[in-house]
Structure formats: C-alpha cells, structure tokens
Amino acid sequence: MPKGSRPSGNELCPLVSLPPRLTESGLSMVDWHLVKEMKPPRTQQEWEAEFQKYQQFPEFKILNHDMTLTEFKFIWYMEYSHRMWGRVVGLAYVLPAAYFWRRGWLNRPMKGCVLALCGLVCFQGLLGWYMVKSGLEEKPDSYDIPRVSQYRLAAHLGSALVLFSASLWTGLSLLLPRHKLPETHQLIRLRQFAHGTTALIFLTALSGAFVAGLDAGLVYNSFPKMGERWIPDDLLAFSPMLRNIFENPTTVQFDHRILGISSFAAITALYLFSRRIPLPRRTRMAVTSLLAVACMQVALGIGTLLLYVPTPLAATHQSGSLALLSTALWLMSELRRVPK
C-alpha cells in the first residue's frame, strides 16, 4: 500500500471498480475531462506535471507530503482504472440502447425504461466528480485527513445502487417467466415481507457509505460489544443530536451494526415464514440462497471489523452486500403478481 494511505470502511460501490476508496486513491486525479483524461501520462515530463497538480491540494499537503512519484503513479492508476471502468459501463448501456432503439426492437414502456437507465448512468458519472470535488477543497481551520464528504459519497453510492437494482429488475422481468401463484393471504404477506426486507438491505448497504466516508470501521474493532460496552459512551457526543447519525464515527458504526443485525433477523424470519407456504422450486431456491448469502455477509462483516478492515476482506464484504441485494431482488421477482 502506498505511503500515507490508510484502510477504509466498508463502502459498497456497484457498477464501478472497488480500489479507489480502499486504496485511498480517489483524490489522486484532481480534474475531470470526459475525453481528454482517457489518455494517461506517458513521458516523465507529463507525469511530473500531473504530480505537481496533485501537490497543490490538501491530501498531499496534509497526508502525503513525503510521497514519491512512483507511489503517486500507483494511486493515480487506481483512480484512472476506476474512471475508465465507469466509461466502459456507460458505453455498455448507451451503445446497445441506441442500436436496439434504431432497429425498432423496443416497445414504448421499454423505451422509457432504457432512457431512465441511460440517464442514471450519466448522472452517476457527474455525481462521482461532484463527490471527488468535496475532498479537494481547502479547509483552513481543519487539520483532519482530507476525505470526500460522506453525504456526497452516500449519494454516489445510492445512485449506483438504484442503477444496479433497476438494471437487474428489468433483466429479471424480461428473462424469468412469472409463476402463476394463487393469491392467498399468506402469499401476499410473504410478498410484502420480501419487499420490506429488500428495502432494509438497501438501507444497510447505503449506511456503509457513511462508515467508509468517516473511516468508522476503525473506531471499535470488537464484536458483539463496542469496546467494553453494548452502547458506547460517545454515541451522542455531537451537538445537535441529529449530527451524530451522519457525522459521529461511533454512531455511524453503531447504526450500521444495528441495520446489519436487523437485516439478518428479517431474512431469517422471512425464510422461516416461507417454509409454511407451498412455493415453486425456483422461488424456494431464491429464499434459501438469500439466507445463505446473508450468513456469509454477516461473517464477512464481523471478520472485516475484527481484523481492522484489511483491503481484500473489505472488498469482499462490499461485493457480498451487492450479492445480498441481488438475491433479494431475485426473490422479489419470483413473487411478482401475474397480470390479469
């Protein structure tokens, strides 16, 4: 890991590459150009010019003031790969959409869906740069380690989660035939339970952005207690009280724990309730898979916390969050109503 870098919290970032947050490379590229930046520096002179631009911003001045050019190249290429991957994802949406549209293969509802997805892709890129800008701003009265705003990070993550969920839901709706399930009272309750559980999983994943943005994964590295207490003393240390939810690392980690435990409890209850209802084999498989992925995700989360957030394990935990959300969406798709 490059000099001056530090481990980070467990942010999930679907549809884009994982390294920038975990390797602390997200602020290495200090400007944004849609086409110009696609060509990386090649000569020594170009690299030195890029390094000099980086040296003008807080991360170098406060955290990485003794960084060498070789170390800078490492974090620069991490961020570069992240941005290029984002462009590849954008093209993967826009180019097929334009082709299918031109061929007349999209009906009117699908055209609206395609436009919305392509719009979300473009919005995600702009929101990413808006997030990065918050970490490049000079803060004369602060000596804290430069970092992006946890609010903008959560917005960037939330947008990515919405884009991923909408894409997966659209694909499942087109590829998987709906089951003709009898609309019993128990099935309606199971469907509602599945919707609520998916929303809880989404909220838990989103809370990971605040954990990452504040490095809250490094505050209390014990489980199930936080230090020697179930409820830490500094849980409400900030004033006014509402600030603690979004700005106090202790509270942010505490909330993420509670949301994670609640999600696991809801998934377990959903599984047990589903056993009382006759379901098709594919639907039963989705419910069982959801519980299995939840067990894996809980183990990864606890391991990441106890081992002080090692990068490989944190990245796996991030991926696990996405796998859990994907499985929940699959189950929701299996329980869709058959249109009359």
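Residues numbered from 1 in each chain as written. Predicted model: local features only at pLDDT ≥ 70, side-chain atom pairs only at ≥ 80, totals over all residues. Heavy atoms only, no water.

Colleague: How would you summarise the pattern of salt bridges if you had to cite specific residues and measurements?
Modeller: For the coordinates displayed, the defined rule picks out ten salt bridges. For the salt bridge of arginine 191 with glutamate 183, the shortest nitrogen-to-oxygen distance reads 2.9 Å. Among the residues examined, arginine 191 registers a relative accessible area of 7% and is labelled buried. The exposure class of glutamate 183 is partly exposed, given its relative accessible area of 40%. With its nearest N and O atoms 2.7 Å apart, the salt bridge here joins arginine 282 to glutamate 334. (Salt bridge = Lys/Arg side-chain N within 4 Å of Asp/Glu carboxyl O. Buried < 20%, exposed > 50% of the residue type's maximum accessible area, 1.4 Å probe, protein only.)

Colleague: An account of the side chain of serine 167 is requested, with residue identities and associated values reported.
Modeller: For serine 167, the location among the structural elements is in helix 6 (residues 150-175). A distance of 2.8 Å separates a polar side-chain atom of serine 167 from the backbone oxygen of leucine 163. (Helix = DSSP H or I, 4+ residues; strand = E, 2+ residues; numbered from the N terminus. Polar contact = N/O pair within 3.5 Å; in protein donor to acceptor, adjacent residues only side chain to side chain.)

Colleague: Account for the UniProt feature "transmembrane region" (unreviewed entry) in the chain, naming residues and giving values.
Modeller: UniProt records the feature "transmembrane region" (unreviewed entry) at residues 84-101, 113-132, 152-176, 197-220, 256-273 and 285-309, using the numbering of this structure. Measuring from the first to the last C-alpha atom of residues 84-101 gives 25 Å, for a span that is 100% helix and 0% strand. This span, residues 197-220, is 71% helix and 0% strand, and a straight line between its end C-alpha atoms measures 27 Å. (UniProt positions renumbered as here; feature names shortened; annotations may be inferred.)

Colleague: Help me get a handle on the packing of aromatic side chains, residues and values and all.
Modeller: Each aromatic ring pair is described using two quantities: the centre-to-centre distance and the angle formed by the ring planes. Across all of its chains, the model carries 17 aromatic pairs by this definition. With centroids separated by 5.5 Å and ring planes inclined at 85 degrees, the aromatic side chains of tryptophan 76 and tyrosine 77 adopt a geometry described as edge-to-face. Three or more aromatic residues joined by ring pairs form one cluster here, namely Trp47, Phe51, Tyr54, Phe60, Phe72, Trp76, Tyr77 and Tyr80. For the cation-ring pair, arginine 152 lies above tyrosine 130, with the distance from its terminal atom to the ring centre recorded as 3.8 Å. (Phe/Tyr/Trp six-rings, centres within 6.5 Å; stacked < 30°, edge-to-face > 60°. Lys NZ or Arg CZ within 6 Å of the ring centre and 35° of its normal.)

Colleague: Requested: an account of the environment of serine 28, with residues and values cited.
Modeller: Counting through the fold element by element, serine 28 comes out in the loop between helix 1 (19-22) and helix 2 (44-54). The exposure class of serine 28 is buried, given its relative accessible area of 0%. Apart from the residues lying within four places of it in its own chain, the contact partners of serine 28 are Tyr54, Glu59, Phe72, Ile75, Trp76 and Glu79. For serine 28, the side chain forms a polar contact with the main-chain oxygen of serine 25, separated by 2.7 Å. (Contact = heavy atoms within 4.5 Å.)

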